[in-house]
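The primary structure of each chain is shown beneath.
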Amino acid sequence: MRKTVSKFIEDNAMTQPGDKVLAAVSGGADSICLFHLLYEMKEQLGIELRVMHVHHGLRGEEADRDAAFVEAEAERLHIPCHVVYRDVAGYGAAWGLSVEEAGRILRYQALEEEAKAWGDAKIAVAHHREDQAETILHNLFRGSGLKGMCGMAAVKGAVIRPLLCVGRKEILDYLASQGITYCEDSTNECQDYTRNRLRHTLIPEICKSINAGGVKHIVSAGKLFSQADEYFENLAGQIWDRYGREQKENRRWGIETAILESQPEILKGYIIRKMIGLHTDSMKDITLSHMEQVCSLGKKGTGKRVSLPYGLEAQTEYEMLWIAALVPEGPGMPGEGRGKVKEEKEIQRDFPQVFTVMSGGKEWGFTVKALESGPFTDKKYQKIPENQYTKWFDYDTIENTLSVRTRQTGDYITLKDGKRKTVKAYMIDEKIPRQERDKILLLAEGHHILWIVGYRISEFYKITEHTQQILQVQTDGGEGHGG
């Protein structure tokens, strides 16, 4: 076990002699295994080791037991340990997040703060082979692109994952052979969590009914996806180095549409990502939908535009495709600056979600939830909200990915008589000033608009006596960070 993990650490250059390593230890089998392996190898690796335990304020006495156990184990091995407390339930309720997601966010925040305070330490987490398979499947079912299918990286920034090379059985066998005890978390069996359903239901069924080596094959596929991703990135870089153009004075980078169109479809997306990456270090909010919209511009002639996150815009101009920055350079989330700035946030079907979108010089906070039951099966859902910034929609009428964005050519809304009306015509009829129209946010399914935020919703998506599930969308009106 030590030999396998040590080689994995070395092959992925996870640590260097003199590094400080902060181990995230919950008290469960995986993290206790990680702790003991790092402890046994710290002299060999030349690292300084500390332990951190994040108490989520959940599970009552069981959670207190876990914290005390980690502290006692660290003290027994003479390793410094810091236990921090976070109100996961309160944070989740405030932001409309699941306990699982709220815990993940607060846990990593605490670890990053501790690592930085200690002197930019590495953060070691205990994800193993089955966790990697779960991540790949989870991203597959969410409709992720090639990057998401790569799974978790062995090294990502300050975070290292030394146990990705071993499986759960190997971990348990190691602990048993060394006589090492650990804590059992009762919530690991809870089927309310998506990952637990993958772990306890789907993956075992795959291994039982399809292939006993299913997990290894899924992880191997992730490695192939990662290799393909790296290959296409490198190839896109070569094409860009040869054909790319820059106009620093206009803050835009471009390529001839004929050259872009001559590339395989998958490579087009990588070239566009390369161009976007020249403007921003973060690609987090750049979605597959954005890539498809930009790729289609080359076929539409000159003067066409697509709005992108981070204050960017794709433009076609005289047989060229440009990615341009429309806001002044500077740190943080871009607001409205030079030119017409539009933001867009794609909403994946993984609720609840909390996010912000910049528009009109304001940061609009959104919370999106799928309510448990329809309005006519539960009294608490029989009164439709009349709040200007809280709306209900019939979830079953939504077929494609939603987004929150500003208007685009072709946007329309459905009226009571079933007829369509363009958003432009609606705004003119409502006497909305021209200079304000591009600041108004829309909840959209393609070009079909569910909600002109602050104004009206589409009749097509309204809840009825047949509604079985409600999608609730709430915004703070640009006054904070969500409802």
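Residues numbered from 1 in each chain as written. Predicted model: local features only at pLDDT ≥ 70, side-chain atom pairs only at ≥ 80, totals over all residues. Heavy atoms only, no water.

### Let's talk about the packing of aromatic side chains
Move 1: In the structure shown here, the tally under the stated rule is six aromatic pairs.
Move 2: Cation over ring: R252 sits above W322, and NZ or CZ is 4.1 Å from the ring centre. (Phe/Tyr/Trp six-rings, centres within 6.5 Å; stacked < 30°, edge-to-face > 60°. Lys NZ or Arg CZ within 6 Å of the ring centre and 35° of its normal.)

### Overview of the side chain of T414
Move 1: Along the chain, the position of T414 falls in strand β17 (residues 412–414).
Move 2: Among the polar contacts made by the side chain of T414, one reaches the side chain of H448 at a distance of 2.8 Å.
Move 3: Sequence-distant contacts of T414, defined by excluding residues within four places in its chain, comprise K419, H448, R456, S458, E459 and F460. (Helix = DSSP H or I, 4+ residues; strand = E, 2+ residues; numbered from the N terminus. Polar contact = N/O pair within 3.5 Å; in protein donor to acceptor, adjacent residues only side chain to side chain. Contact = heavy atoms within 4.5 Å.)

### Here's the deal with the sheet that holds strand β10 (residues 312–316)
Move 1: With antiparallel pairing, the five strands of this open sheet are ordered in space as β7-β8-β11-β10-β9. Pairing within the sheet leaves two strands with one partner each, and these edge strands are β7 (245–247) and β9 (305–308). Strand-to-strand twist in this sheet, taken as the mean axis angle between neighbours without regard to direction, amounts to 20°.
Move 2: Looking at chain direction, β10 and strand β11 (residues 320–325) are connected through five bridges and run antiparallel. When the sheet's bridge partners are listed, E313 is paired in β11 with A324. (Pairing = 2+ DSSP bridges. Axes fitted to C-alpha atoms, helices over the stretch in contact; angles between N-to-C directions.)

### A short note on the packing of helix α1 (residues 2–11) against helix α2 (residues 29–45)
Move 1: Direction vectors running N to C along α1 and α2 enclose 55°, while the axes themselves pass 11 Å from each other. Between α1 and α2, the interaxial angle falls into the category oblique. Handedness of the α1/α2 crossing: right-handed. Judged by residue contacts, R2, V5, S6 and I9 of α1 engage L37, L38, E40, M41, Q44 and L45 from α2.
Move 2: Considered class by class, the residues forming the contact of α1 with α2 number six nonpolar, two polar and two charged. (Parallel < 35°, antiparallel > 145°, perpendicular 65-115°, else oblique. Left-handed = near helix turned anticlockwise from the far one by under 90°. Nonpolar A, V, L, I, M, F, W, Y, C, P; charged D, E, K, R; others polar.)

### Here's the deal with the sheet that holds strand β5 (residues 155–156)
Move 1: Taken together, the six strands give an open sheet; going across it, the order is β3-β2-β1-β4-β6-β5, and neighbouring strands pair in mixed fashion. For this open sheet the edge positions go to β3 (81–85) and β5, each flanked by a neighbour on one side alone.
Move 2: Two strands pair when backbone bridges link them, and strand β1 (residues 20–24) and strand β2 (residues 48–55) are joined in this way by five bridges, in the parallel orientation. The partner of K20 across the bridge, within β2, is E48.

### Notes on the pattern of salt bridges
Move 1: Per the counting criterion, the structure on display carries 22 salt bridges.
Move 2: For the salt bridge of R168 with D30, the shortest nitrogen-to-oxygen distance reads 2.6 Å. A residue pair is termed long-range when its members are at least 10 positions apart, and R168 in helix α7 (residues 168–178) and D30 in helix α2 qualify at 138 residues.
Move 3: Note on R168: relative accessible area 30%, which makes it partly exposed.
Move 4: Bridged by salt links that share partners, the residues R59, E62, R65 and D66 form one connected network. (Salt bridge = Lys/Arg side-chain N within 4 Å of Asp/Glu carboxyl O. Buried < 20%, exposed > 50% of the residue type's maximum accessible area, 1.4 Å probe, protein only.)

### Notes on the nonpolar core
Move 1: Counting 38 residues, the largest nonpolar core has V5, F35, L38, L163 and L175 as its most contacted members.
Move 2: Of all elements in the fold, only α1, β1, α2, β2, α3 (60–76) and α7 reach the threshold of two or more residues within this core.
Move 3: Ranked by residue count, the leading element in this core is α2, at nine residues.
Move 4: Counting 27 residues, the second largest nonpolar core, distinct from the first, contains I259, M275, I286 and A314. (Core = buried A, V, L, I, M, F, W, Y, C linked by side-chain atoms within 4.5 Å.)

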